[in-house]
Amino acid sequence: MATQWTGKLIGGLIGLFTLGPFGAALGAVLGHQYDQGAATAGADAGRGFGAHFFTATFEVMGHIARADGRVSEREIAAARSVMAALRLDQASVQAAIACFQRGKQPGFDFGRAVQALRRACMGRPDLLRIFFEIQMRAALDGTDLAPPTRDHVRRLAQSLGI
């Protein structure tokens, strides 16, 4: 059985951006309860969205980190900080790293990834704002929004309608 992390991810993100690290922990705990309830009920609702959100979060983060042509240790540390704040288990950390690696490849289709996320969020601008805040925080921590990164973040905001 695959690790269930949709509730933990969304709960942790909402908690992180509303109450900080304590909120992330609280949100992850509440999200864990949601995941357990969904598994018990046999419900699969929300997994499609969660998978899109998770994948896009780390792919876009990798893409933005490579905006200046290389990914620095500071940018990697910023990505790991997001993973730690979300309290990802080891399998989810490995999946996040794989997504980050895909995002920093020269052929990564940024526009397609963002559009897939927009479709998955269907009418939930709050989730798009959370996604953008995660990217902004990682960009600030990684490069202090140096010009190439700033341009990518601006393009992301436009693509999300922010």
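Residues numbered from 1 in each chain as written. Predicted model: local features only at pLDDT ≥ 70, side-chain atom pairs only at ≥ 80, totals over all residues. Heavy atoms only, no water.

The next thing to look at is the confidence of the model for the protein chain. Taken over all residues, the pLDDT of the protein chain has a mean of 81, while the share at 70 or more is 78%. Mean pLDDT in the protein chain bottoms out at helix α2 (residues 21–41), which sits at 60, and peaks at helix α5 (residues 90–103), which reaches 93. Contacts of residues 40–47 to residues separated by more than four positions or lying in other chains number five contacts, the stretch itself having pLDDT below 50. (pLDDT = per-residue confidence, 0-100. Helix = DSSP H or I, 4+ residues; strand = E, 2+ residues; numbered from the N terminus. Contact = heavy atoms within 4.5 Å.)

This paragraph deals with the environment of Val 114. Residue position: Val 114 is located in helix α6 (residues 110–121). Overall, the relative accessible area of 1% leaves Val 114 in the buried class. Separated by 58 residues in the primary sequence, Val 114 and Ala 56 place their C-alpha atoms 7.0 Å from one another. When neighbours within four sequence positions are excluded, Val 114 is seen to be in contact with Val 60, Leu 156, Ser 159 and Leu 160. (Buried < 20%, exposed > 50% of the residue type's maximum accessible area, 1.4 Å probe, protein only.)

What follows concerns α5. A rise of 1.5 Å per residue sets the reference length of α5, with its 14 residues, at 20 Å; its end C-alpha atoms lie 20 Å apart and thus fit the reference within 8%. Looking only at α5, the buried set comprises Ser 92, Val 93, Ala 96, Cys 99, Phe 100 and Gly 103. One side of α5 holds all its buried residues, which, seen down the axis, span an arc of 120°. (Expected span 1.5 Å × (residues − 1). Arc of directions from axis to C-beta.)

Unusually for a residue other than glycine, Asp 144 sits at a positive phi of about 55°. Looking at where Asp 144 falls in the secondary structure, it is placed in the loop between α7 (125–143) and α8 (147–160). Unusually for a residue other than glycine, Leu 145 sits at a positive phi of about 55°. Turning to its location among the elements, Leu 145 is positioned in the loop between α7 and α8. Look at Leu 145 and you get buried, because its relative accessible area is 17%.

Another aspect to go through is the packing of helix α4 (residues 73–85) against α7. Running from N to C, α4 and α7 point in directions that differ by 145°, and their axes come no closer than 7 Å. Between α4 and α7 the crossing geometry is right-handed. Contacts from Arg 74, Glu 75, Ala 78 and Val 82 of α4 reach α7 at Ile 134, Ala 138, Leu 140, Asp 141, Gly 142 and Thr 143. Looking at the contact of α4 with α7 residue by residue, the class counts come to five nonpolar, two polar and three charged. (Axes fitted to C-alpha atoms, helices over the stretch in contact; angles between N-to-C directions. Left-handed = near helix turned anticlockwise from the far one by under 90°. Nonpolar A, V, L, I, M, F, W, Y, C, P; charged D, E, K, R; others polar.)

As a further point, take the side chain of Thr 149. For Thr 149, the position within the fold is in helix α8. With a relative accessible area of 2%, Thr 149 lands in the buried category. In this view, Thr 149 contacts Ile 64, Ala 67, Ala 139 and Thr 143; residues no more than four positions away in its chain are not counted.

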